[in-house]
Amino acid sequence: MDNIFFDTDRLKYLGKNVILGKTVRIRKPEEVSIGDGSIIDDFTYISCAMDLGNNSHIASNVSISGGALGKKLIMGSYSTISNGSSIHCASSDYRKCSLELPTIPSNEQTGGIALDIYIGDYVTIGAHSCVLPGVVIPEGVAFGAYTLIKPKKLLPYHLYVGVECRDLGLREDIDIIVKHKEGKNGRV
């Protein structure tokens, strides 16, 4: 793993058979764990703490932010974030005036929203989607491209789409995931 933006030895944990693109940038590698068999593609930027499960994939041009406020992305196994998506563990409130920019000294910062994000196992986030602070995504959920994912109750194995994050109902062929999980449990 030849990486010009950070020393992989500084990662909190680096699993086996991990593939990291040469242009992946991780601002605080000591707060990032990457599980076995996972892939992070080129031009991805991570500026917060992150625990990435096994066999998960973060596609190219993904931005994962919120590190200044100490929040974390927890992403399960067998999940994917597609190209151009953005994950925000911290954000401005916009209703209120605030000064939480990274250019402002921490003792002068005020306002904003900072919450952990949890992405379960077998989740698919479509291209150019946006995940806001505090989102909890249960197992098997899928989001179409350009979905705005805000904190709300999401149902396992459902498909959501659009700026409204509209529920299109239960996904088809869930038995594929069930059989995969049973196979994994049978090998342990």
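For the structure itself, consult the block above.
What counts, and where the lines are drawn
Residues numbered from 1 in each chain as written. Predicted model: local features only at pLDDT ≥ 70, side-chain atom pairs only at ≥ 80, totals over all residues. Heavy atoms only, no water. Helix = DSSP H or I, 4+ residues; strand = E, 2+ residues; numbered from the N terminus. Buried < 20%, exposed > 50% of the residue type's maximum accessible area, 1.4 Å probe, protein only. Phe/Tyr/Trp six-rings, centres within 6.5 Å; stacked < 30°, edge-to-face > 60°. Pairing = 2+ DSSP bridges.

1. Quick look at unusual backbone geometry
- Its identity is not glycine, yet N55 carries a phi of approximately 55°, on the positive side.
- Mapped onto the elements of the fold, N55 is located in the loop between β7 (49–52) and β8 (57–58).
- The backbone of H128 sits at a positive phi, close to 60°, despite the residue not being glycine.
- Along the polypeptide, H128 turns up in the loop between β16 (124–125) and β17 (130–131).
- Classification of H128 as partly exposed rests on a relative accessible area of 41%.

2. Things to note about the packing of aromatic side chains
- All told, the structure shown has two aromatic pairs when counted by the stated rule.
- Residues Y78 and Y122 carry aromatic rings whose centres are separated by 5.2 Å and whose planes lie at 10° to one another, so their mutual orientation is stacked. Taken as a pair, Y78 in the loop between β10 (72–75) and β11 (80–81) and Y122 in the loop between β15 (117–119) and β16 lie far apart in primary sequence, 44 residues in all.
- When its relative accessible area of 25% is taken as the criterion, Y78 is described as partly exposed.
- The class of Y122 is buried, set by a relative accessible area of 10%.

3. Observations concerning the sheet that holds strand β1 (residues 13–14)
- Taken together, six strands build an open sheet; the order of strands is β1-β4-β7-β10-β15-β18 and the sheet is parallel. Two strands in the sheet have a free side with no partner beyond their single neighbour: β1 and β18 (136–137).
- Pairing geometry for β1 and strand β4 (residues 32–34), over two bridges, is parallel. Of the residues in β4, the one forming a bridge with L14 is I34.

Geometric values such as these leave the question of function open.
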